[in-house]
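Inside the fold
As a plain string of letters, each chain reads:
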Amino acid sequence: MDKRLLDILCCPVSKTPVRLLGKSELEALNTAIGQGQVDTVAGTPVRTPLTEGLITIDRKVIYRIDDGIPVMLPEEGIGTPQLRDFPAAA
């Protein structure tokens, strides 16, 4: 992802800046998705693993990146409190 774009992106709800998901965070998220344990903020089950993602710097919400394009829709966010084995830091 383009660093300039990453520098201006933020959560559309809280306005908190975002960063790329770390490898351990992405693996933990995809494990939970594979086990059917992940829903979007809107309550829709997430069934497709992420290849890339963004996380707010307060680590509360994850947004997927599809084909290099961040999907920053509030209802598409994934709340991290539902992830039981989410790493403490990237």
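Position numbers for residues count from 1 along each chain, tracking the sequence in the order it is written. This being a predicted model, a pLDDT of at least 70 is required before a residue's local features are given, and a value of 80 or more before pairs of side-chain atoms are given or counted; all residues contribute to the totals for chains, interfaces and linings. With hydrogens and water excluded, all non-hydrogen atoms of the structure serve as input to the side-chain values.

Another point: the pairing of strand β2 (residues 53-56). The buried label applies to any residue whose accessible area, calculated with a 1.4 Å probe on protein chains only, is under 20% of its type's maximum; exposed applies above 50%, and partly exposed to all values in between. By definition, any uninterrupted DSSP run of H or I lasting at least four residues is a helix, any uninterrupted run of E lasting at least two residues is a strand, and each is numbered from the N terminus. Side chains Gly-53 and Ile-55 of β2 all project onto a buried face; the interleaved residues Leu-54 and Thr-56 project onto the opposite face, where all are buried too. Between any two strands, at least two bridges found by DSSP are needed for them to pair. Summarising the sheet, strand β1 (residues 18-20) and β2 pair through three bridges and their orientation is antiparallel. The partner of Arg-19 across the bridge, within β2, is Ile-55. Here β2 pairs with strand β3 (residues 61-66) via three bridges, running antiparallel. Looking at β3, one finds that Leu-54 is bridged to Tyr-63.

Turning to the nonpolar core, a few remarks are in order. Of all hydrophobic cores here, the largest spans 14 residues; its most connected members are Leu-29, Val-38 and Ile-62. The element contributing the most residues to this core is helix α2 (residues 23-34), with five residues. The contact partners of Val-38, leaving out residues within four places of it in the chain, are Leu-29, Ala-32, Ile-33, Thr-44, Pro-45, Val-46, Ile-78, Gln-82 and Leu-83. Nonpolar core, defined: a set of buried Ala, Val, Leu, Ile, Met, Phe, Trp, Tyr and Cys residues in which side-chain atoms within 4.5 Å join the residues together. Leu-9, Cys-11, Val-61 and Met-72 belong to the second largest nonpolar core, which has nine residues in total. Whether two residues are in contact is decided by their heavy atoms, any of which lying within 4.5 Å being enough.

What follows is about α2. Expected span of a helix: the number of residues minus one, times 1.5 Å. With 12 residues, α2 extends 16 Å from end C-alpha to end C-alpha; this agrees with the ideal 16 Å at 1.5 Å per step. Those residues of α2 that fall on the buried side of the exposure criterion are Glu-25, Leu-26, Ala-28, Leu-29, Asn-30, Ala-32 and Ile-33. As for α2, its buried residues are in contact with β1, β2, β3 and β5 (78-79). At the C-terminal side of α2, Gly-36 shows a positive phi close to 70°.

Here Thr-80 shows up in the segment after β5. Nitrogen and oxygen atoms within 3.5 Å of one another constitute a polar contact, given that in protein one can donate a hydrogen and the other can accept it, and given that sequence-neighbouring residues count only through two side-chain atoms. Polar contacts involving the side chain of Thr-80 include one to the main-chain carbonyl oxygen of Arg-59, which spans 2.5 Å.

Attention now moves to the state of the cysteines. Cysteine sulfur atoms are paired as a disulfide whenever they come within 2.5 Å of each other. Within this structure, the stated rule accounts for zero disulfides. Residue Cys-10 stays outside any disulfide, its sulfur separated by 7.2 Å from that of Cys-11, the closest cysteine. Residue Cys-10 is classed as partly exposed on the basis of its relative accessible area, which comes to 29%.

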